[in-house]
Structure formats: C-alpha cells, structure tokens
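If you want the building blocks of each chain, they are given just below.
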Amino acid sequence: MSMKRTNVYADPEDLAIIKEAAKRRGISEAEIIRQGIHLAAMANRVWDEPLFSRTFEGPGRTLPKSEVRDTVADAVRRETGAGSGSAA
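Residue numbers restart at each chain and count upward from 1, following the sequence in its written direction. Two thresholds apply to this predicted model, a pLDDT of at least 70 for residue-level local features and 80 or more for giving and counting side-chain atom pairs, whereas whole-chain, interface and lining totals are computed over all residues. Hydrogens and water molecules were not included; the side-chain quantities draw on all heavy atoms of the structure.

- The name an unreviewed UniProt entry assigns to the protein is Ribbon-helix-helix protein CopG domain-containing protein, from the organism Streptomyces caelestis.

## Let's talk about the UniProt feature "domain: Ribbon-helix-helix protein CopG" (unreviewed entry) in the protein
Then step 1. Sequence positions flagged by UniProt for "domain: Ribbon-helix-helix protein CopG" (unreviewed entry) are, in local numbering, residues 4-37.
Then step 2. Numbering goes from the N terminus for both helices and strands, where a helix is a DSSP run of H or I of at least four residues and a strand is a run of E of at least two. Along residues 4-37, the helical share is 68% and the strand share 0%, with 12 Å between the first and last C-alpha atoms. UniProt positions are given in the numbering used here, feature names are shortened, and annotations may be inferred rather than shown by experiment.

## A word on a nonpolar patch on the surface
Then step 1. Surface patches are drawn from residues lacking salt bridges whose relative accessible area is over 30%; two like charges belong together within 9 Å, two nonpolar side chains (Val, Leu, Ile, Met, Phe, Trp, Tyr) within 5 Å. Only the protein chains shown count as covering a residue, and every accessible area follows the Shrake-Rupley method with a 1.4 Å probe. Any Lys or Arg side-chain nitrogen found within 4 Å of a carboxyl oxygen on Asp or Glu counts as a salt bridge. Where nonpolar side chains cluster on the molecular surface, the patch consists of Leu 15, Ile 33 and Ile 37 and spans about 240 Å² of accessible area.
Then step 2. Summarising the element assignment, Ile 37 is placed in helix α2 (residues 29-43).

## A look at the confidence of the model for the protein
Then step 1. Averaged over every residue, the pLDDT of the protein is 87; residues scoring 70 or more account for 88%.
Then step 2. As a per-residue quantity, pLDDT reports the predictor's confidence and falls between 0 and 100. Element-level mean pLDDT values for the protein span from 90 in helix α3 (residues 65-80) up to 98 in helix α1 (residues 12-25).

## Digging into α3
Then step 1. Along its 16 residues, α3 runs 22 Å from first to last C-alpha, staying within 8% of the 22 Å computed at 1.5 Å per residue.
Then step 2. Phi turns positive, to about 70°, at Gly 81, one or two residues after α3. How far a helix is expected to stretch is found by multiplying one less than its residue total by 1.5 Å.

## Looking at α1
Then step 1. Taking 1.5 Å per residue, 14 residues should reach 20 Å; α1 reaches 20 Å between its end C-alpha atoms and fits that length.
Then step 2. In the core, the buried residues of α1 are packed alongside α2.
Then step 3. Where α1 begins, the capping side chain belongs to Asp 11, and its oxygen is found 2.8 Å from the backbone nitrogen of Glu 13.
Then step 4. Residue Gly 26 follows α1 closely and has a positive phi angle near 75°. Only heavy atoms matter for contacts: two residues are in contact if any of them lie within 4.5 Å across the pair. Throughout this description, a polar contact denotes any pair of N or O atoms lying within 3.5 Å of each other; where both atoms belong to protein, one of them has to be capable of donating a hydrogen while the other can accept it, and for residues adjacent in sequence the pair is counted only when both atoms sit in side chains.

## Let's talk about the pattern of salt bridges
Then step 1. Summed over the entire model, instances satisfying the criterion amount to five salt bridges.
Then step 2. Here Glu 29 makes a salt bridge to Lys 19, at a shortest N to O gap of 3.2 Å. In this pair, Glu 29 is assigned in helix α2 and Lys 19 in helix α1, connecting sequence segments ten residues apart.
Then step 3. Across the salt bridge formed by Glu 31 and Arg 34, the nearest N and O atoms sit 3.1 Å from each other. Here the residue Glu 31 and the residue Arg 34 both occupy positions in helix α2, the gap between them amounting to three residues, near one helical turn.
Then step 4. Judged by relative accessible area, Glu 31 falls into the partly exposed class, the value being 30%. Partly exposed describes any residue whose relative accessible area lies between the buried limit of under 20% and the exposed limit of over 50%, with all areas from a 1.4 Å probe on protein chains only and scaled to the type maximum.

## Regarding the packing of α1 against α2
Then step 1. To get an axis, a line is fitted to the C-alpha atoms, and for a helix only the part in contact is used. The angle between two axes follows their N-to-C directions and goes from 0 to 180 degrees. Where α1 meets α2, the closest approach of the two axes is 8 Å, and the angle between their N-to-C directions is 110°. By the angle class used here, α1 and α2 are roughly perpendicular. In this structure, the crossing between α1 and α2 has a hand that is right-handed. From α1, Ile 18, Lys 19, Ala 21, Ala 22 and Arg 25 reach across to α2, where they touch Glu 29, Ile 32, Ile 33 and Gln 35.
Then step 2. Here the contact of α1 with α2 is composed, by residue class, of five nonpolar, one polar and three charged. Any angle that is under 35 degrees is reported as roughly parallel, and any over 145 degrees as roughly antiparallel; angles of 65 to 115 degrees are reported as roughly perpendicular and all others as oblique. What makes a crossing left-handed is the near helix being turned counterclockwise from the far one by less than a right angle; a clockwise turn instead makes it right-handed. As a working rule, the residues Ala, Val, Leu, Ile, Met, Phe, Trp, Tyr, Cys and Pro are called nonpolar, Asp, Glu, Lys and Arg charged, and the rest polar, with Gly in that last group.

Laid out in structure tokens, this is it:
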C-alpha cells in the first residue's frame, strides 16, 4: 500500500506516550500514529447502508425474550421458506 506524507500538530504529552509505547512494543512511532489515523478514519466513516436495514412490526412495547425469539424465528422461516420445525 502506498503512503502519503502529511504534517500534523500534536500535544507533546501525547507524543511522549507514543514514543514510550513504540519503544515498549518494538515498533515505530509512525506505525502507532498510522494505527491511530486508521481508527479515526473508521470511526468517522459514513456507510452507504444502515447497519440495521430490516425492521419488524411489533406491539409497541418491550417483548419478553421468548416472544422475541419466536417472532424472529417466524420471520426467518417466512424468508427462507422453511417448514414449521422448531428453531434452535
């Protein structure tokens, strides 16, 4: 993967922590900074699709665990065309 050089301003205390961590882990300070940039990029990424794209109709109240399990199992059976066997 090709890299692109950039300059940033950083807090001296943060840089000292990075220097210490790099020495302890046996990797470069630059690698720790690259990991941090990657984490920041992923945390701020906007995805094309929502994480939860499916919704289920419900009674408008919190269901007990058994009803949730049965509702989801019924939806899966309808979607997959599975028979009326029990879902585990």
